[in-house]
Amino acid sequence: MTRIGRVERITKETKVVVEIDLDGSGITDISTGVPFYDHMLDALGKHGAFDLTVRASGDIDIDVHHTVEDVAIVLGQALREALGDKKGIRRFGDALIPMDEALAQAVVDVSGRPYTVHTGEPESLAGFVVGGHYPTVLNRHVFESLAFHAQIALHIRVLDGRDPHHITEAEFKAIARALRAAVEPDGRLTGIPSTKGAL
């Protein structure tokens, strides 16, 4: 079974193409025009063991918001497409990831019901810009857009942290590891892991 999703989105603000292979080995090719975001998406692919290609161009001369948001939307759509009927997956996944002084937890349910809970980021992240181009206030919007369009329930908690770079990276890596666990085939199951018979 091939579990690959490929989605393209073109608007007046951005052009985005994402391809994800859930059964890859962490090979990534990322270019969004936002270097720190590229770094986070690279971490997502590597630690999720997903082959991930992201190509985006947008009006980053105005603000990176549109590009960052649209990439998260398309990534979620590609993930949903790659999951197919979700037969035989584990469905649930969780991870607790340290990044030096930062500690983040992500819990995923590939439920078909989009929901996001995001707590614990220090207030300082609302006004911080990593590398002079990535406002960390966008973190929650990225996670919400990803979860909504992938149709997954996603809980992210920052348990500790001081450095906005470390906190954000711990969150992305935790999401990667939780997703990896949730979408993995479960050798004991052949059907859809739900009492309803559908996800």
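These numbers were taken from a predicted model, which means no experiment stands behind them.

J.: Account for the packing of helix H3 (residues 139–150) against helix H4 (residues 164–183), with residues named and values stated.
T.: Relative to each other, H3 and H4 sit at 15°, their axes nearing to 11 Å. With respect to each other, H3 and H4 are oriented roughly parallel. The hand of the H3/H4 crossing is right-handed. Facing Asn139, Val142, Phe143 and Leu146 of H3, the residues of H4 in contact are Thr168, Glu171, Phe172 and Ile175. The residue inventory of the contact of H3 with H4, partitioned by class, reads 5 nonpolar, 2 polar and 1 charged.

J.: I'd love a proper account of the pattern of salt bridges, names of residues and values included.
T.: Under the definition given, this model contains 9 salt bridges. Note that glutamate 19 is salt-bridged to arginine 6, the shortest N-O span being 3.7 Å. In this pair, glutamate 19 is assigned in strand E2 (residues 14–21) and arginine 6 in strand E1 (residues 4–10), connecting sequence segments 13 residues apart. Measuring nitrogen to oxygen at the nearest pair gives 3.5 Å for the salt bridge that ties arginine 9 to aspartate 70. Taken together, the positions of arginine 9 in strand E1 and aspartate 70 in helix H2 (residues 65–83) put the pair 61 residues apart, joining distant regions of the chain. We classify arginine 9 as partly exposed; its relative accessible area is 28%. Here the residues in one salt-bridge network are Arg90, Glu184 and Asp186, joined through shared partners.

J.: Can you lay out unusual backbone geometry for me, pointing to particular residues and giving the numbers?
T.: A positive phi is found at alanine 49, a non-glycine position, where the angle reads about 60°. Phi is positive for lysine 86, close to 70°, though the residue is something other than glycine. Among the structural elements, lysine 86 can be located in the loop between H2 and strand E5 (92–99). Residue lysine 86 is classed as buried on the basis of its relative accessible area of 4%.

J.: I'd love a proper account of the sheet that holds E2, names of residues and values included.
T.: Strand order in the open sheet formed by 4 strands is E1-E2-E4-E3, and the pairing between neighbours is mixed. Because the sheet does not close on itself, it has two edges, and the strands there are E1 and strand E3 (28–31). Ignoring strand direction, the axes of neighbouring strands in this sheet form an average angle of 5°. Here E2 runs beside strand E4 (residues 51–58); their pairing, made up of 8 bridges, is antiparallel. Paired with valine 16 across the bridge in E4 is alanine 56. Running at roughly 160° to E3, helix H1 (residues 35–48) makes contact with E3 and E4 of the sheet. Running over the sheet, H2 touches E1, E2 and E4 and is turned about 35° from E2.

J.: With reference to specific residues and values, describe the environment of histidine 118.
T.: Tracing the chain through its elements places histidine 118 in strand E7 (residues 115–119). Take histidine 118: its relative accessible area is 7%, and that puts it in the buried class. Distance in space between the C-alpha atoms of histidine 118 and arginine 140 is 6.7 Å, their sequence separation being 22 residues. Apart from the residues lying within four places of it in its own chain, the contact partners of histidine 118 are Arg140, Phe143, Ile156 and Glu171. Within the structure, histidine 118 has its side chain in polar contact with the side chain of glutamate 121 (distance 3.4 Å).

What counts and how
- Residues numbered from 1 in each chain as written.
- Predicted model: local features only at pLDDT ≥ 70, side-chain atom pairs only at ≥ 80, totals over all residues.
- Heavy atoms only, no water.
- Axes fitted to C-alpha atoms, helices over the stretch in contact; angles between N-to-C directions.
- Helix = DSSP H or I, 4+ residues; strand = E, 2+ residues; numbered from the N terminus.
- Parallel < 35°, antiparallel > 145°, perpendicular 65-115°, else oblique.
- Left-handed = near helix turned anticlockwise from the far one by under 90°.
- Contact = heavy atoms within 4.5 Å.
- Nonpolar A, V, L, I, M, F, W, Y, C, P; charged D, E, K, R; others polar.
- Salt bridge = Lys/Arg side-chain N within 4 Å of Asp/Glu carboxyl O.
- Buried < 20%, exposed > 50% of the residue type's maximum accessible area, 1.4 Å probe, protein only.
- Pairing = 2+ DSSP bridges.
- Polar contact = N/O pair within 3.5 Å; in protein donor to acceptor, adjacent residues only side chain to side chain.

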